[in-house]
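# Chains, contacts and geometry: an overview
The chain contents come next:
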Amino acid sequence: MTALEPAGAGHAGPTSMEEVVGRTLAELLAERRVKAMDLERRLDLPGGSLEELVAGRGSLDLEVLRRVLTLLGVAPESFFARVFAQGGGGAAGSPAGGPAADSPGRHQVAGLLDRVRSALLEIGSEVSRSDR
Amino acid sequence: MAGEVIRRAHLSLAKPPAAATAAGDDPGDRARERRCRELLERCFEEVSHHPARAVLTARKALRLARDLAAEEAAEPRWADLEGQAWGALANAERVAADLDAAREAMARAEGCLVAGSGDPALAARLLDLQASLDRSSGRLEDALGRIDDAIAAYLRLGQRAGLARTLVKKGVYLAHAGDTERAVEVIHQAFEHLVPREDRRSVLAATQCLAFCLHRMGYDIPAAQLVDQALVAVGESGDAVLVLRLEWLRVRIRMSLGHDGEAELRRIRDALLEEGLIYDAAIACLDLATCYARRRRLPDLQKLALEMFPVFTSREIHREALAALLLLRDQLSGGRAEVPFLEEIRAFLEDSRYDRRRRFRDAAG
């Protein structure tokens, strides 16, 4: 499955980016056996703010998320790869999420990416041949 | 309106292209024509990474074409060739940021179209170039209308390469206009016609546009992967400016994923200045300022305000952008620029670059 396929197809209704990020973050905290409250204290965050993030409520505060990931030693790319694997939908402009998971554009984009990649490979092989 | 002659010529296609009168061909003329076409080809190759050199090459081609067209009882095809040479010069002057010279050359190209054989391929090419000139003049809406005419002309002519190239351009223009979803659709259409080995530049431009759109739409991971693959495809022999733009897009994507791009951004900003790409350098300064503001590095913000001086003297910076940049400089000097303000100015600089109707803080009311 590519990152742009509508993962979670068959899953009821579109899911917001905030919800999927929250769910992924909750899983990460459970794996690391870290409590949201402890993290809030260590990062000097207002009480309940991380709970909100984990619950997927309100708008996604990227700065808080970045600080949490840094503290946990998790690279943002690997975190968002997990978000994708969960079928992270969400509003335009949200990090790594893209349009809603049930957006018909996703299939089109996934097909286009394959095409572009093969065109780039073709160009790359031409360049390396001419460099010899 | 500029370009109207070209549009009418394409729409009516009143005169069929005159066939070359082989019997009357002079070997000397043929040699000059061949040399002129070679120079036009070279100009096309040079224009994206050596615009000043491309201007000189176009002028050489133009001299040869004008000599041919000025001969007694000259055939209309020499006026066509002269039109191509003026078009090439207009394009090179545009890329070299001399828009007045570009407009003048484009008007001369239109004149040649009227005097020539009515070649529809020349009309299509000039529409395509006029669209680029409209965009660089800040008339994005006109550019989009014109590029549609060029697409229709190439479709009618059955010119695959021209069609693919203009579709890529349309995708880029739509992305500049903020219509990323339609831009992706048009890039998709372009890939139906692109032949990678023959249209290397268009494929790379389409990839860059697609990565930009994906980033804007929030697909940062595939966008970053595409940029990496494009950089590999460009290879070491690639166009330095294209590499720079791809690297810049990559650092912006990484920053939105939470990375610190400071060192990379500094290098890119300096390289943009060195390449004379002042407007881009101004936007890169904004990225750098955002980096500092996020970490509350006030002395660095103040230093950056001083470093931005070369930007203000550039003719590439239009009046509205200058007003926004001066406001920014004042805020940076006081070390009080906030991230939302920096992002607002950055978005304005990007949006107003090709659409001069935009006014700073329009969106904010």
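Residues numbered from 1 in each chain as written. Chains lettered and ligands numbered in written order. Predicted model: local features only at pLDDT ≥ 70, side-chain atom pairs only at ≥ 80, totals over all residues. Heavy atoms only, no water.

### As for the overall build of chain B
Within chain B, the secondary structure is distributed over 18 helices and zero strands. Taken across its 365 residues, chain B has 54% of its residues classed as buried. Restricting to contacts in chain B with at least 6 residues of sequence separation, those with at least 24 account for 64%. Accessible surface, chain B: about 15,700 Å² in total, of which carbon and sulfur atoms supply 52%. (Helix = DSSP H or I, 4+ residues; strand = E, 2+ residues; numbered from the N terminus. Buried < 20%, exposed > 50% of the residue type's maximum accessible area, 1.4 Å probe, protein only. Contact = heavy atoms within 4.5 Å. Areas by Shrake-Rupley, 256 points an atom, 1.4 Å probe, with all protein chains shown as cover.)

### Observations concerning the packing of helix α10 (residues 200-217) of chain B against helix α12 (residues 240-256) of chain B
All names here are of chain B. Relative to each other, α10 and α12 sit at 15 degrees, their axes nearing to 11 Å. When the axis of α10 is compared with that of α12, the two are roughly parallel. Here α10 runs over α12; the crossing is left-handed. Packed against α10, whose contacting residues are Leu204, Gln208, Ala211, Phe212 and His215, the element α12 presents Leu242, Arg245, Leu246, Leu249, Arg252, Ile253 and Ser256 at the interface. (Axes fitted to C-alpha atoms, helices over the stretch in contact; angles between N-to-C directions. Parallel < 35°, antiparallel > 145°, perpendicular 65-115°, else oblique. Left-handed = near helix turned anticlockwise from the far one by under 90°.)

### With respect to the nonpolar core
Formed by 59 residues in total, the largest nonpolar core has its most connected members in Leu120(A), Phe191(B), Leu194(B), Leu204(B), Leu210(B), Leu214(B) and Leu226(B). Broken down by secondary-structure element, the contributors of at least two residues to this core are α6 (105-131) of chain A together with α6 (120-136), α7 (140-157), α8 (160-176), α9 (180-191), α10, α11 (220-234) and α12 of chain B. For this core, the element with the most residues is α10(B), which contributes 10 residues. Contact partners of Leu226(B), with chain neighbours within four places excluded, come to Leu113(A), Val116(A), Arg117(A), Leu120(A), Thr207(B), Leu210(B), Ala211(B) and Leu214(B). Residues Ala293(B), Met308(B), Ala324(B) and Ile345(B) belong to the second largest nonpolar core, which totals 41 residues. (Core = buried A, V, L, I, M, F, W, Y, C linked by side-chain atoms within 4.5 Å.)

### Here's the deal with α7(B)
Along its 18 residues, α7(B) runs 25 Å from first to last C-alpha, staying within 8% of the 26 Å computed at 1.5 Å per residue. Those residues of α7(B) lying buried are Leu140(B), Ala143(B), Leu144(B), Arg146(B), Ile147(B), Asp149(B), Ala150(B), Ile151(B), Ala153(B) and Tyr154(B). (Expected span 1.5 Å × (residues − 1).)

### Describing the state of the cysteines
All names here are of chain B. Enumeration according to the criterion identifies zero disulfides over all chains in this entry. In this model Cys112 remains outside any disulfide bridge; the closest cysteine sulfur is found in Cys36, 11 Å from its own. Left unpaired, Cys209 is separated from the closest cysteine sulfur, that of Cys213, by 4.2 Å. Since its relative accessible area comes to 6%, Cys209 is described here as buried. (Disulfide = S-S within 2.5 Å.)

### Side note on the packing of aromatic side chains
By convention here, two paired aromatic rings are described through the distance between centres and the angle between planes. Residues and elements named next belong to chain B. Evaluated as defined, the whole model comprises zero aromatic pairs over all chains. Its end group placed over the ring of Tyr354, Arg135 keeps NZ or CZ at 4.1 Å from the ring centre. Sitting over the ring of Trp248, Arg252 keeps its end group 6.0 Å from the ring centre. (Phe/Tyr/Trp six-rings, centres within 6.5 Å; stacked < 30°, edge-to-face > 60°. Lys NZ or Arg CZ within 6 Å of the ring centre and 35° of its normal.)

### Brief notes about the environment of Arg42(B)
Residue and element names in this part refer to chain B. Tracing the chain through its elements places Arg42 in helix α2 (residues 27-46). In this structure Arg42 comes out as partly exposed when scored by relative accessible area, which is 35%. Sequence-wise, Arg42 and Ala61 are 19 residues apart; in three dimensions their C-alpha atoms are separated by 9.9 Å. Apart from residues lying up to four places away in sequence, Arg42 is in contact with Arg35 and Thr57.

### Describing the side chain of Lys169(B)
Residue and element names in this part refer to chain B. With respect to the helices, strands and loops of the structure, Lys169 is situated in helix α8. On the accessibility criterion, Lys169 (17% relative accessible area) is buried. For Lys169, the side chain forms a polar contact with the side chain of Ser132, separated by 2.5 Å. Not counting the four nearest positions on each side in its chain, Lys169 is found in contact with Asp128, Leu129, Ser132 and Ile147. (Polar contact = N/O pair within 3.5 Å; in protein donor to acceptor, adjacent residues only side chain to side chain.)

### A word on the pattern of salt bridges
All names here are of chain B. In total, this model carries 36 salt bridges over all chains according to the counting rule given. Across the pair Lys170 and Asp148 runs a salt bridge whose closest N-O atoms are separated by 2.8 Å. Remark: Asp148 occurs in helix α7 and Lys170 occurs in helix α8; sequence separation between them is 22 residues. On the basis of relative accessibility, which here comes to 34%, the residue Asp148 falls in the partly exposed class. Arg297 serves as the salt-bridge partner of Asp300, at 2.7 Å between the closest nitrogen and oxygen. Classification of Arg297 as partly exposed rests on a relative accessible area of 26%. A single network of salt bridges, built from pairs that share partners, joins Arg216, Arg252, Asp287, Arg346 and Glu350. (Salt bridge = Lys/Arg side-chain N within 4 Å of Asp/Glu carboxyl O.)

### Here's the deal with the side chain of Glu93(B)
Counting through the fold element by element, Glu93(B) comes out in helix α4 (residues 76-95). Discounting residues that sit within four places of it in the chain, Glu93(B) has contacts with Val55(B), Arg59(B), Asp98(B), Ala101(B) and Ala102(B).

### A few points about the environment of Arg135(B)
Residue and element names in this part refer to chain B. Counting through the fold element by element, Arg135 comes out in helix α6. The exposure class assigned to Arg135 is buried, which follows from its relative accessible area of 14%. For the pair Arg135 and Arg356, spaced 221 residues apart in the sequence, the C-alpha separation amounts to 9.7 Å. Apart from residues lying up to four places away in sequence, Arg135 is in contact with Leu140, Ala143, Val172, Tyr173, His176 and Tyr354.

### Overview of the confidence of the model for chain B
Residue and element names in this part refer to chain B. Looking at chain B, pLDDT values average 85 and 89% of them are 70 or higher. Ranking the elements of chain B by mean pLDDT puts helix α1 (residues 4-12) last, at 51, and α8 first, at 95. Long-range and interchain partners of residues 11-23, a stretch whose pLDDT sits below 50, account for 16 contacts in this model, where long-range means more than four residues apart. Both scores are available for the predicted complex, with the pTM at 0.71 and the ipTM at 0.77. (pLDDT = per-residue confidence, 0-100.)

### Some details on a positive patch on the surface
Among the surface-exposed residues, Arg42(B), Arg53(B), Lys60(B) and Arg63(B) lie close enough to one another that they form a single positively charged patch. The element best represented in the positive patch is helix α3 (residues 51-70) of chain B, accounting for three residues. (Patch = residues over 30% accessible without salt bridge, like charges linked within 9 Å, V, L, I, M, F, W, Y side chains within 5 Å. Lys, Arg positive; Asp, Glu negative; His and termini not counted. Charge placed at Lys NZ, Arg CZ, Asp CG, Glu CD.)

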